[in-house]
Amino acid sequence: MTYTTTASAAELKINGKTYHLPLVEGTMGDKAIDISNLLRETGYITLDSGYKNTGSCTSSVTYLDGRGGILRYRGYDIEDLAKNCLFVEVAYLLLHGKLPNAAELEAFKQLIGRFALIHEDMIHFFDHFPSHASPMSILSVMVNSLCNFYPEMSANPLEDFDETSTRLISKIRTIAAFSYKKSIGHPLVYPRHDLCYCGNFLHMMFDKPVRPYTVRPEIVTALNKLLILHADHEQNCSTSTVRLVGSAGVNIYAAIAAGINALWGPLHGGANEAVLDMLETIYADDSNFEKYINKAKDRNDPFRLTGFGHRVYKTYDPRAKIIKKACDEILRVLNVSDPLLDIAYKLEEIALHDEYFIERNLYPNVDFYSGIIYRALGIPSNMFTVMFALGRLPGWIAQWKEMHEDPATRIGRPRQVYIGEPARKFIPLAERP
Ligand code: ACO
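Residues numbered from 1 in each chain as written. Predicted model: local features only at pLDDT ≥ 70, side-chain atom pairs only at ≥ 80, totals over all residues. Heavy atoms only, no water.

Undergrad: I'd like to hear about the site of the ligand, residue by residue, with values.
TA: Around the ligand, the surrounding shell holds 21 residues, and the nearest of these are Arg299, Arg304, Leu305, Gly307 and Arg311. The side chain of His268 places a nitrogen or oxygen atom 2.9 Å from an oxygen atom of the ligand. Interatomic distance of 2.8 Å between a side-chain N/O atom of Arg304 and an oxygen atom of the ligand. When the ligand sits alone it has 920 Å² of accessible area, and the protein chains cover 79% of it. Residues that form the shell around the ligand fall into these classes: nine nonpolar, six polar and six charged. (Near = heavy atom within 4 Å. Polar contact = N/O pair within 3.5 Å; in protein donor to acceptor, adjacent residues only side chain to side chain. Areas by Shrake-Rupley, 256 points an atom, 1.4 Å probe, with all protein chains shown as cover. Nonpolar A, V, L, I, M, F, W, Y, C, P; charged D, E, K, R; others polar.)

Undergrad: Can you tell me about the nonpolar core, naming the residues and giving the values?
TA: Within the largest apolar cluster, 116 residues are counted, with the highest numbers of intra-cluster contacts made by Tyr73, Ile256 and Ile379. A total of 12 residues in this core trace back to one element, the largest contributor, which is helix 19 (residues 384-405). Residues from two domains meet in this core; each of domain 2 (93-265 + 380-405) and domain 3 (271-376) gives at least three. Not counting residues within four places of it along the chain, the set of residues in contact with Tyr73 comprises Val61, Thr62, Ile78, Leu81, Val90, Leu93, Leu94, Ile228, Leu229, His230, Ala231 and Asp232. (Core = buried A, V, L, I, M, F, W, Y, C linked by side-chain atoms within 4.5 Å. Buried < 20%, exposed > 50% of the residue type's maximum accessible area, 1.4 Å probe, protein only. Helix = DSSP H or I, 4+ residues; strand = E, 2+ residues; numbered from the N terminus. Domains from an automatic or database assignment. Contact = heavy atoms within 4.5 Å.)

Undergrad: Hey, could you go over the domain arrangement of the protein for me, with residue numbers and the actual values?
TA: One can read the domain layout of the protein as domain 1 (4-55), domain 2 (93-265 + 380-405) and domain 3 (271-376). Distance from the C-alpha centre of domain 2 to the C-alpha centre of domain 3: 27 Å. Of all residues in domain 2, Leu229, His233 and Phe384 bury the most surface against domain 3, accounting for 37% of the area lost on that side. Counting across the domain 2 and domain 3 interface gives zero salt bridges. For the side of domain 2 that touches domain 3, the elements supplying multiple residues, two or more each, are helix 10 (217-229) and helix 19. Broken down by element, the residue count for the side of domain 2 that touches domain 3 peaks at seven residues, all from helix 10. Of the residues contributing to the side of domain 2 that touches domain 3, the split by class is eight nonpolar, six polar and four charged. (Buried area = accessible area lost by both parts, 1.4 Å probe. Salt bridge = Lys/Arg side-chain N within 4 Å of Asp/Glu carboxyl O.)

Undergrad: Tell me about the pattern of salt bridges, and name the residues and values.
TA: Pairs may arise between side chains of opposite charge once their charged atoms sit close together. Tallied over the entire structure, the rule returns 17 salt bridges. Among the salt bridges present, the one from Arg243 reaches Glu402, with a minimum N-O distance of 2.6 Å. Residue Arg243 is found in helix 11 (residues 237-247), and its partner Glu402 is found in helix 19; the two are separated by 159 residues along the sequence. Assessed through its relative accessible area of 9%, Arg243 is described here as buried. Residue Glu402 is classed as buried on the basis of its relative accessible area of 14%. Through salt bridges with shared partners, one network takes in Glu280, Asp338 and Arg375.

Undergrad: Provide a residue-level description of the environment of Val220, including the pertinent values.
TA: By secondary structure assignment, the location of Val220 is in helix 10. The exposure class of Val220 is buried, given its relative accessible area of 11%. Considering only alpha carbons, one finds Val220 and Tyr3, 217 residues apart in sequence, at a separation of 39 Å. Residues in contact with Val220, not counting those within four places in the same chain, are Cys196, Cys198, Gly199, Leu202 and Val215.

Undergrad: Give a description of the sheet that holds strand 3 (residues 31-33) that names residues and reports values.
TA: Pairing is antiparallel across the open sheet formed by three strands, whose spatial order is 1-2-3. Of all strands in the sheet, those with a lone pairing partner are strand 1 (4-14) and strand 3, marking the two edges. The average angle at which neighbouring strand axes cross in this sheet is 30°, direction not considered. Relative to strand 3, strand 2 (residues 17-25) runs antiparallel, the two sharing three bridges. Bridging across to strand 3, Val24 finds its partner in Ala32. (Pairing = 2+ DSSP bridges. Axes fitted to C-alpha atoms, helices over the stretch in contact; angles between N-to-C directions.)

Undergrad: Tell me about the side chain of Glu89, residues and numbers included.
TA: The residue Glu89 is located in helix 3 (residues 87-96) in this model. Although Glu89 lies buried, it forms no salt bridge, and the closest oppositely charged side chain, Lys109, sits 7.0 Å away as judged by the N-O distance. When residues no more than four places from it in sequence are discounted, the contact partners of Glu89 are Asn84, Leu99, Pro100 and Leu105. (Lys, Arg positive; Asp, Glu negative; His and termini not counted.)

Undergrad: So what's going on with the packing of helix 3 against helix 4 (residues 102-114)? Residues and values would help.
TA: It is the contact of helix 3 with helix 4, at a shortest axis distance of 10 Å, that shows an interaxial angle of 100°. Looking at the two axes, helix 3 sits roughly perpendicular to helix 4. Contact residues: Val88, Glu89, Ala91, Tyr92 and Leu95 in helix 3; Glu104, Leu105, Phe108, Lys109 and Ile112 in helix 4. For the contact of helix 3 with helix 4, the per-class residue count stands at seven nonpolar, no polar and three charged. (Parallel < 35°, antiparallel > 145°, perpendicular 65-115°, else oblique.)

Undergrad: A description of the sheet that holds strand 4 (residues 62-65) should follow, citing residues and the corresponding values.
TA: The antiparallel open sheet is built from three strands, whose spatial order is 4-5-6. In this open sheet, the two edge strands, each paired with only one partner strand, are strand 4 and strand 6 (76-77). Sheet topology note: the strand 4/strand 5 (residues 70-73) ladder contains four bridges and is antiparallel. Note that in strand 5 the partner of Asp65 across the bridge is Ile70.

Undergrad: For the packing of aromatic side chains, give the residues involved together with the corresponding values.
TA: Enumeration over the complete set of coordinates arrives at 15 aromatic pairs. With 6.0 Å between their ring centres and 55° between their planes, Phe125 and Phe149 make a pair best called tilted. Of this pair, Phe125 sits in helix 5 (residues 120-126) while Phe149 sits in helix 6 (residues 135-149); the two residues are 24 residues apart in sequence, bridging distant segments of the chain. Given the relative accessible area of 28%, Phe125 is considered partly exposed. Each member of the aromatic cluster is reached from another via a ring pair, and the members are Phe308, Tyr345, Tyr356, Phe357, Phe368 and Tyr369. (Phe/Tyr/Trp six-rings, centres within 6.5 Å; stacked < 30°, edge-to-face > 60°.)

Written out as structure tokens, the structure is:
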């Protein structure tokens, strides 16, 4: 599929001269002005800090309507996928553009199972991080290092795409669980061939020689749902990073490691950990909601209501809706009563009725409730963003593949408007004041 160039064009007048810029339209009616020849024709570039209004590519992976609160992967509504699919099914959908049939899904699961181990030499890497090392830094280092163990895959990854993508999806789960085990000083638990993707992750995280872990189906269901909801989100910060770094021609592992680093930030994937910190702070401060709402509204105070607001959604994030419901369910099933959930409900209620948040269209985003579920599942808060990365990986890979297959792809290279010193006469060292 591709975009259409409409019959009409945009007119741009600069210093009395009119330029015609093609108007393009996507399959869901997204409208854009094609400015790719603007510099050549007019001598002007566009200035758009934070790329708030810049389309960097065309894509057929994910459709997002921020005003309607719609999110679709490859045309399928996120609600349907979260309700009916396994995470690996959605991963296949993102990677291959179609839902797998039973045989394809089975083959995909088998391949994931086959690649679950990491090279034993990589296990020694874990020994050299301090025990308080961030699991996100470990994850990015380990994923970057995979290119040294599977170099044949880096040379022409599109040729070996099935193996490379599956290898990454499988190994990132093992790396994540091993980094947790190392951080708490427990022996590593190896993957089992008989367990599903999520079951295997839980097994590697929580099984102990002295207390074997039983994988509970309700927890597996909740984890599948969370990973599906995070699996792709079009051209967000980490995905754009994967594309930008990938456009330089680096190996896929380096591009994905770059995406992991971008995701780490508290304004992006790191928000799920920050939300829990915020809820804990409010709880410890006698649930003084007013104080924190006022801080969030104060322009001179850097405090923000983490888990609220989104660059694209100007209504309730559809993922947050599903997660909020899932949160209720899982806490009931596990018989967990978490005071932080009450804090989150109350905060949401206050914010949704406050003029400041209403005017700015600030609603809960995907991160507002996800941390509470992870906490109920026994996953520590410093692993929350790692969980996000496990979910987002198929999306990153799908976008990376799409970029490499698109003949329009060029190395990503934004322009700037220089505001520094004009040309200055060089002063030799001895003459400098
Ligand atoms: N709390 C208080 N005020 C906020 C918040 C918030 N969470 N988010 C935005 N605002 C205000 C801004 O101060 C600004 O106000 P102003 O118009 O008076 O200056 C206005 O709303 C617009 O905000 P921007 O920062 O311009 O919006 P932007 O699109 O650049 O940022 C972002 C989006 C980063 C998500 C922002 O809403 C935020 O910081 N939220 C908290 C962090 C968070 O939850 N991040 C996770 C996002 S989801 C994800 O990446 C997976």
